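Understanding the architecture of this molecule
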Amino acid sequence: SAVLNRVRNTEEPPHLLIYFGHGEKDSLLGVEPIGKRAYFLRPVVSGTNSYILRDYITYAVACDSLSELGKDAIEHGAITYYSNNRPLHVLESDLDKDGIMDFTELFSIIPIQLAQGKTTYEAYTTFHNAINNLISYAKEGSYEHTVLKELQTTFGVLGKDVKWV
């Protein structure tokens, strides 16, 4: 039937996973409480189950996971994987109030760009351009400037250039 053919020929947009948390080279880490004030980090996505990211655009604001987990996820069918390829330490106490707002807005760029119909690499380019812009305004030698310079070289993208919507 015409309806069935239309359904078969309609591509479903890829899934989008947005993760803000801890990461290691080979995993994204979840927090598991072990008391009122204590917790430990354990892998929730790693090389052993990276196949769960198949057909996903994964946006992981997490240390280090691009270098191994990102590559493994792409090999197992993830569409695109964004993350850092090294550890990055951003301490709220070391940033002024404006700096915190800049980082909140900065890390919102990629999901917003994807929701507006940009491709994964167009969104990454906009993100990278925003980092460069913020660097030009940050006081050289400040903590904010140092973190932005690190992000400029550590945050990357792997995989296909596709649209989410």
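Residues numbered from 1 in each chain as written. Predicted model: local features only at pLDDT ≥ 70, side-chain atom pairs only at ≥ 80, totals over all residues. Heavy atoms only, no water.

Turning our attention to the packing of aromatic side chains. If you walk through the whole model with that rule in mind, you get six aromatic pairs. Between F20 and Y59, the aromatic rings sit 6.1 Å apart at their centres with planes inclined by 80°, giving edge-to-face as the arrangement. Of this pair, F20 sits in strand β1 (residues 15-20) while Y59 sits in strand β5 (residues 56-61); the two residues are 39 residues apart in sequence, bridging distant segments of the chain. Where F107 meets F127, the ring centres are 6.1 Å apart and the plane angle is 35°; that geometry is what we call tilted. Taken together, the residues span a long stretch of sequence, with F107 in helix α3 (residues 97-115) and F127 in helix α4 (residues 120-137) at a distance of 20 residues. Each member of the pair, F107 together with F127, is buried. Cluster of aromatic residues (ring-pair linked, three or more members): F20, Y59, Y82, F107, F127 and F155. (Phe/Tyr/Trp six-rings, centres within 6.5 Å; stacked < 30°, edge-to-face > 60°. Helix = DSSP H or I, 4+ residues; strand = E, 2+ residues; numbered from the N terminus. Buried < 20%, exposed > 50% of the residue type's maximum accessible area, 1.4 Å probe, protein only.)

It is worth spelling out the sheet that holds strand β6 (residues 80-84) at this point. Strand pairing within a sheet occurs via backbone hydrogen bonds; the two strands may be parallel or antiparallel. With mixed pairing, the four strands of this open sheet are ordered in space as β1-β5-β6-β7. Of all strands in the sheet, those with a lone pairing partner are β1 and β7 (155-159), marking the two edges. Within this sheet the neighbouring strands show an average axis-to-axis angle of 10°, counted without direction. Two elements, β6 and β7, share five bridges in a ladder whose sense is antiparallel. Counterpart to Y81 in the pairing with β7 is L158. Each of β6 and β7 is contacted by helix α5 (residues 143-154), which is oriented at about 15° to β7, the strand it contacts most. (Pairing = 2+ DSSP bridges. Axes fitted to C-alpha atoms, helices over the stretch in contact; angles between N-to-C directions. Contact = heavy atoms within 4.5 Å.)

Between α4 and α5, the shortest axis-to-axis distance is 9 Å and the interhelical angle comes to 150°. With respect to their mutual orientation, α4 and α5 come out roughly antiparallel. Seen from above, α4 lies across α5 with left-handed handedness. Contact residues: H128, I131, N132, L134 and I135 in α4; H145, L148, K149, L151 and Q152 in α5. Split into classes, the residues belonging to the contact of α4 with α5 amount to five nonpolar, four polar and one charged. (Parallel < 35°, antiparallel > 145°, perpendicular 65-115°, else oblique. Left-handed = near helix turned anticlockwise from the far one by under 90°. Nonpolar A, V, L, I, M, F, W, Y, C, P; charged D, E, K, R; others polar.)

Distances and angles like these do not, on their own, reveal function.
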